[in-house]
Amino acid sequence: MPSSMLVVDRVVKRFVHSGQGAALDGVSLELAAGEFATVVGSNGAGKTTLLHVIAGGLLPDEGRVVVDGHEVTAWPQHRRAGWIGMVFQDPAAGTAGSLTVEENMVLALTAGRRRTLAPAVRPARREWVVESLRRLGMGLEQRLHVAVRHLSGGQRQALALLMAAARQPRVLLLDEHTASLDPQAAEAVLELTRQLVRDLGLTTLMVTHNLKHALTMGDRTVIMHRGRVVLDLRGERRRRMDVGDLAEAFRHACHEVLADDQMILA
Ligand SMILES: Nc1ncnc2c1ncn2[C@@H]1O[C@H](COP(=O)(O)OP(=O)(O)OP(=O)(O)O)[C@@H](O)[C@H]1O
């Protein structure tokens, strides 16, 4: 049995003025090293809150978060930043627009190191970056000296993903990271996601509203509803499912009739 890289243990998170129940109502989830799970759920199910509790932006009211055997529940976000990589829906959130592609990559590769070590972006890492940019097929390897604000949303998001992965975080969190892209750019960024997760063996949690991506990305699908994990699909059962089966399993697990716009079928 491979060791767990991420353990979320009975986590509860309440927002005082939300007027709703707990955003996370006793969520437990365990990811083995190198495992790639997608997370789907109804609107307001708690998916983004879960990612922020893991990343340290939100402190849970109850429960524990353990990363690579270390309990990080009370660690501030900056202390676990080197361990957790996160990519958001907005391409601008993960990159510095006024810096060039190369400067952004250097920042990603040297972040968290002491200044004396700062110039030490090893040639091998730099080559890996250029090669990854080339494989992306967006021509970014020829635009290393272009300010990132001049790139398209897809190019910028691909760069944000590459930057998060280049630091080889223990856990990579993706929060609807292709939702704001056109279909072609979204497909390119999803393919890059597959490659990076596979090549670097990254333990990954990817929130999506797209049921097809929830089944075709990674090796496990977690369904959340009203602050709880209501279904955790993997193995043969998951492999046999199509989008219709997943929607049906979703409805069944929620014990209520959900309108399509609550599930956002894509
Ligand atoms: N900062 C906040 N203050 C108050 N309530 C919040 C806050 N953030 C989230 N919530 C509430 O917590 C619940 C879970 O929100 P969350 O954003 O985690 O859901 P989600 O599953 O990511 O939803 P969506 O798919 O719509 O993005 C919702 O009821 C939301 O209104």
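All of these numbers come straight from a predicted model, not from anything done at the bench.

### Re the overall build of the protein
Item 1. Each helix and strand counted, the protein has 10 helices and 10 strands in total.
Item 2. Expressed as a percentage of its 266 residues, the buried residues of the protein come to 51%.
Item 3. Taking contacts inside the protein between residues at least 6 apart in sequence as the whole, the part at least 24 apart equals 68%.
Item 4. Surface accessibility of the protein: about 12800 Å² in total, with carbon and sulfur atoms responsible for 50%.

### Re the site of the ligand
Item 1. Neighbouring the ligand are 14 residues, the closest being Gly 44, Gly 46, Lys 47, Thr 49 and His 209.
Item 2. A distance of 2.5 Å separates an oxygen atom of the ligand from a polar side-chain atom of Thr 49.
Item 3. Within the contact set of the ligand, an oxygen atom lies 2.9 Å away from a side-chain nitrogen or oxygen of His 209.
Item 4. In isolation the ligand offers 640 Å² of accessible surface; the protein chains occlude 63% of this area.
Item 5. For the shell around the ligand, a count of residues per class yields three nonpolar, nine polar and two charged.

### Let's talk about helix 1 (residues 47–55)
Item 1. For helix 1, the tally of buried residues reaches seven of nine residues, placing the bulk of the element in the interior.
Item 2. Here helix 1 has its buried residues at Lys 47, Thr 49, Leu 50, Leu 51, Val 53, Ile 54 and Ala 55.
Item 3. Once helix 1 finishes, Gly 56 follows within two positions and takes phi at roughly 100°, a positive value.

### Let's talk about unusual backbone geometry
Item 1. Positive phi outside glycine occurs at Arg 10, with the angle close to 50°.
Item 2. Looking at where Arg 10 falls in the secondary structure, it is placed in strand 1 (residues 4–13).
Item 3. For Arg 10, a relative accessible area of 56% translates into the label exposed.
Item 4. Despite not being glycine, Arg 226 has its phi angle at roughly 45°, a positive value.
Item 5. Tracing the chain through its elements places Arg 226 in the loop between strand 9 (220–225) and strand 10 (228–234).

### Points about the packing of aromatic side chains
Item 1. Applying the stated criterion across every chain yields a total of one aromatic pair.
Item 2. The cationic tip of Arg 79 hangs over the ring face of Trp 75; the distance from NZ or CZ to the ring centre is 3.9 Å.
Item 3. Lying across the ring of Trp 83, Arg 170 places its NZ or CZ 3.8 Å from the centre.

### A closer look at the nonpolar core
Item 1. Judged by nonpolar contacts, the single largest core of 38 residues is most densely connected at Val 101, Leu 133, Leu 159, Leu 161 and Leu 196.
Item 2. Within the residue set of this core, elements represented by two or more residues are helix 3 (101–110), helix 4 (123–136), helix 5 (153–166), strand 7 (171–175) and helix 6 (183–200).
Item 3. By residue number, the principal contributor to this core is helix 5, which donates nine residues.
Item 4. When residues no more than four places from it in sequence are discounted, the contact partners of Leu 133 are Val 101, Leu 140, Glu 141, Leu 144, Leu 159 and Leu 162.
Item 5. By size, the runner-up hydrophobic cluster in this structure holds 29 residues, among which are Leu 6, Val 11, Ala 45 and Leu 50.

### Concerning helix 9 (residues 243–254)
Each α-helix turn comprises 3.6 residues. Residues three or four places apart therefore point the same way.
Item 1. End to end, helix 9 covers 16 Å across 12 residues, agreeing with the expected 16 Å (1.5 Å per residue, within 8%).
Item 2. All of the buried residues along helix 9 are Leu 246, Ala 247, Ala 249, Phe 250, Ala 253 and Cys 254. All buried residues of helix 9 lie within an arc of 165° about the axis, which places them on one face of the element.
Item 3. Here helix 9 starts with a cap whose side-chain oxygen sits 3.1 Å from the backbone nitrogen of Gly 244, and that cap is Asp 242.
Item 4. Positive backbone phi, approximately 55°, marks His 255, located one or two places after helix 9.

### A look at the confidence of the model for the protein
Item 1. Summary statistics for the protein give a mean pLDDT of 88 and a share of 89% for residues scoring 70 or more.
Item 2. Here residues 114–120 scores under 50 on pLDDT; set against residues more than four positions off or in separate chains, the count is two contacts.

### Remarks on the environment of Ala 22
Item 1. Examined against the element boundaries, Ala 22 turns out to sit in the loop between strand 1 and strand 2 (24–32).
Item 2. The exposure class of Ala 22 is partly exposed, given its relative accessible area of 22%.
Item 3. Other than its neighbours up to four places away in sequence, Ala 22 contacts Val 12, Lys 13, Arg 14 and Gly 227.

What counts, and at which threshold
Residues numbered from 1 in each chain as written. Predicted model: local features only at pLDDT ≥ 70, side-chain atom pairs only at ≥ 80, totals over all residues. Heavy atoms only, no water. Helix = DSSP H or I, 4+ residues; strand = E, 2+ residues; numbered from the N terminus. Buried < 20%, exposed > 50% of the residue type's maximum accessible area, 1.4 Å probe, protein only. Contact = heavy atoms within 4.5 Å. Areas by Shrake-Rupley, 256 points an atom, 1.4 Å probe, with all protein chains shown as cover. Near = heavy atom within 4 Å. Polar contact = N/O pair within 3.5 Å; in protein donor to acceptor, adjacent residues only side chain to side chain. Nonpolar A, V, L, I, M, F, W, Y, C, P; charged D, E, K, R; others polar. Phe/Tyr/Trp six-rings, centres within 6.5 Å; stacked < 30°, edge-to-face > 60°. Lys NZ or Arg CZ within 6 Å of the ring centre and 35° of its normal. Core = buried A, V, L, I, M, F, W, Y, C linked by side-chain atoms within 4.5 Å. Expected span 1.5 Å × (residues − 1). Arc of directions from axis to C-beta. pLDDT = per-residue confidence, 0-100.

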